[in-house]
Structures are given as C-alpha cells and as structure tokens.
Amino acid sequence: MRKYEEFKAIWLGKKCRDGQCVALYREYTEGFHDMPMLERLGADGGARRLFEDYGTSIGPVTRTLFDATQYTGGDERPEPGDVVVFGPSSTNKWGHVGIMDSLSGKNIVILDQNGIAAMKGKAVKVRLSTWSMDRVLGWLSIKKDIANG
C-alpha cells in the first residue's frame, strides 16, 4: 500500500483533475491506490454523501475498502491518510472532503482543494488547510487488510 506522504508530495501545489474536492479523493483512491471505481457523487449529493451513504445500497464499493468512523464530538481524531468528510454549511450544501494530514491543536490539517474557486474561474491548487472539527461527519480509513496487503 502506498503511503499518504507520497501522495501529498505528488499533488501539493497542483490542480487535481477538475479542481473539485471529490476529484482529489478519487485520485487518492482510484488513481493512487488503484482501488476500483467508487460510487459516483452527483452535484445534488456531493462530498457529504461519501459518509452519509456509506451504510446504504449506494455505498457498496466504499464499504469493501474503508472502515467508517462517525465523529461524535469527542476527542477522537482521524489518522494521517484517512479521508475526512464534512457536512454541509449555510453556504455549501454539498459538504467537503479532504485527506487527513496532521493535528493543529484541537483542529485538523487536511490536504484538499476547493472546487468552488474552480467554478468561479480561479486557480485551484491542492493545499494544506486547517479545519475545525465542528462540521466533521466522520472519516473513512482504508481497511487494515488492504493497507497491509
């Protein structure tokens, strides 16, 4: 299994696919880890569906590759390389997704890119950004047997 740090070195400061946050997730899973094509996420569902639909008939491939951890508001945090899924906000009904990099106090630092800037014609680059845990729905960890195999 390839390591997150290698992925970060490849993509940091570059645009990944169409500039959307989900595109970076897809590159991480399908392109970097050679995982099977994961479920498509439409604009009506967006990034948040990665976590919200995990236990449904919409998420069967994701369930075979990842273990999901629901964030309950406590002190638990994702590990580097985990896929962190954020819920919607008042300005973004689709949520957000990024890859866990490190801790910053009670916040987390994720590798992500912002598709909204791309839609406005602005340059989009993969970056490290600090996020509060407030909107975290949970995270997806590559299953141990896959990670070690």
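What counts and what doesn't
Residues numbered from 1 in each chain as written. Predicted model: local features only at pLDDT ≥ 70, side-chain atom pairs only at ≥ 80, totals over all residues. Heavy atoms only, no water. Buried < 20%, exposed > 50% of the residue type's maximum accessible area, 1.4 Å probe, protein only. Helix = DSSP H or I, 4+ residues; strand = E, 2+ residues; numbered from the N terminus. Pairing = 2+ DSSP bridges. Contact = heavy atoms within 4.5 Å. Core = buried A, V, L, I, M, F, W, Y, C linked by side-chain atoms within 4.5 Å. Phe/Tyr/Trp six-rings, centres within 6.5 Å; stacked < 30°, edge-to-face > 60°. Salt bridge = Lys/Arg side-chain N within 4 Å of Asp/Glu carboxyl O. Axes fitted to C-alpha atoms, helices over the stretch in contact; angles between N-to-C directions. Parallel < 35°, antiparallel > 145°, perpendicular 65-115°, else oblique. Left-handed = near helix turned anticlockwise from the far one by under 90°. Nonpolar A, V, L, I, M, F, W, Y, C, P; charged D, E, K, R; others polar.

Peer 1: In this structure, what is going on with the pairing of strand β6 (residues 136–142)? I would like to understand it.
Peer 2: Working note: regular strand, side chains alternate between the two faces of the sheet. Counting buried positions along β6 yields 6 of 7 residues, so the element is predominantly enclosed. Both strand β1 (residues 66–70) and β6 contribute to a ladder of 5 bridges, which runs antiparallel. The residue bridging D67 from the neighbouring strand is S141, located in β6. The sheet contact formed by strand β2 (residues 83–86) and β6 spans 4 bridges and is antiparallel. Among the inter-strand pairings, V84 is bridged to a residue of β6, identified as W139.

Peer 1: In this structure, what is going on with the environment of Y25? I would like to understand it.
Peer 2: Along the chain, Y25 turns up in helix α2 (residues 21–32). For Y25 and L50, which are 25 residues apart along the polypeptide, the C-alpha to C-alpha distance reads 10.0 Å. Beyond its immediate sequence surroundings of up to four residues, Y25 is in contact with L38, L50, T62, F66, V83 and V97.

Peer 1: What exactly am I supposed to notice about the nonpolar core here?
Peer 2: Across soluble globular proteins, nonpolar side chains show a tendency to be buried alongside one another. Among the nonpolar cores identified, the biggest contains 26 residues, and F7, Y25, Y28, F66, V83 and V97 are the most heavily contacted of them. Going through the elements one at a time, α1 (4–11), α2, α3 (49–52), β2, β3 (96–104) and β6 are the ones with two or more residues in this core. The biggest single contributor to this core is α2, with 6 residues. In contact with Y28, other than residues within four places in its own chain, are Y4, F7, H33, G81, V83, I99 and I142. Judged by nonpolar contacts, the second largest core, of 10 residues, contains Y71, V84, F86 and M100.

Peer 1: What is the right way to read the packing of aromatic side chains from this model?
Peer 2: Each aromatic ring pair is described using two quantities: the centre-to-centre distance and the angle formed by the ring planes. The full count for this structure, using the stated rule, is 5 aromatic pairs. Where F7 meets Y28, the ring centres are 4.9 Å apart and the plane angle is 65°; that geometry is what we call edge-to-face. Here Y28 lies in helix α2 and F7 lies in helix α1, a separation of 21 residues in the sequence. Looking at Y28, the relative accessible area reads 2%, which means it is buried. Both rings, one in Y71 and one in W139, keep their centres 6.2 Å apart while their planes meet at 40°; by these two values the pair is tilted. With Y71 in the loop between β1 and β2 and W139 in strand β6, this residue pair connects regions lying 68 residues apart in the sequence.

Peer 1: For this particular structure, what's the right way to read the pattern of salt bridges?
Peer 2: As a working rule, side chains carrying opposite charge can pair if their charged atoms are close by. As enumerated under the stated definition, the model contains 10 salt bridges in all. The salt bridge involving R48 is made with E52; its shortest N-O contact spans 2.6 Å. The structure contains a network of salt bridges with shared partners spanning R17, R26, E27 and E30.

Peer 1: Mind showing me how you'd approach the packing of α1 against α2 here?
Peer 2: In helix packing, the relevant descriptors are the interaxial angle and the interaxial distance, both defined with respect to the helix axes. Remark: α1 packs on α2, axes separated minimally by 12 Å, with the N-to-C direction vectors making an angle of 120°. If you check the angle between α1 and α2, you find them oblique. For the element pair α1 and α2, the recorded crossing hand is right-handed. For the pair formed by α1 and α2, the contact residues are Y4, E6, F7, I10 and W11 on the first element and L24, E27, Y28 and F32 on the second. Its residues assigned to classes, the contact of α1 with α2 comprises 7 nonpolar, no polar and 2 charged.

Nothing here speaks to function; it is all geometry.
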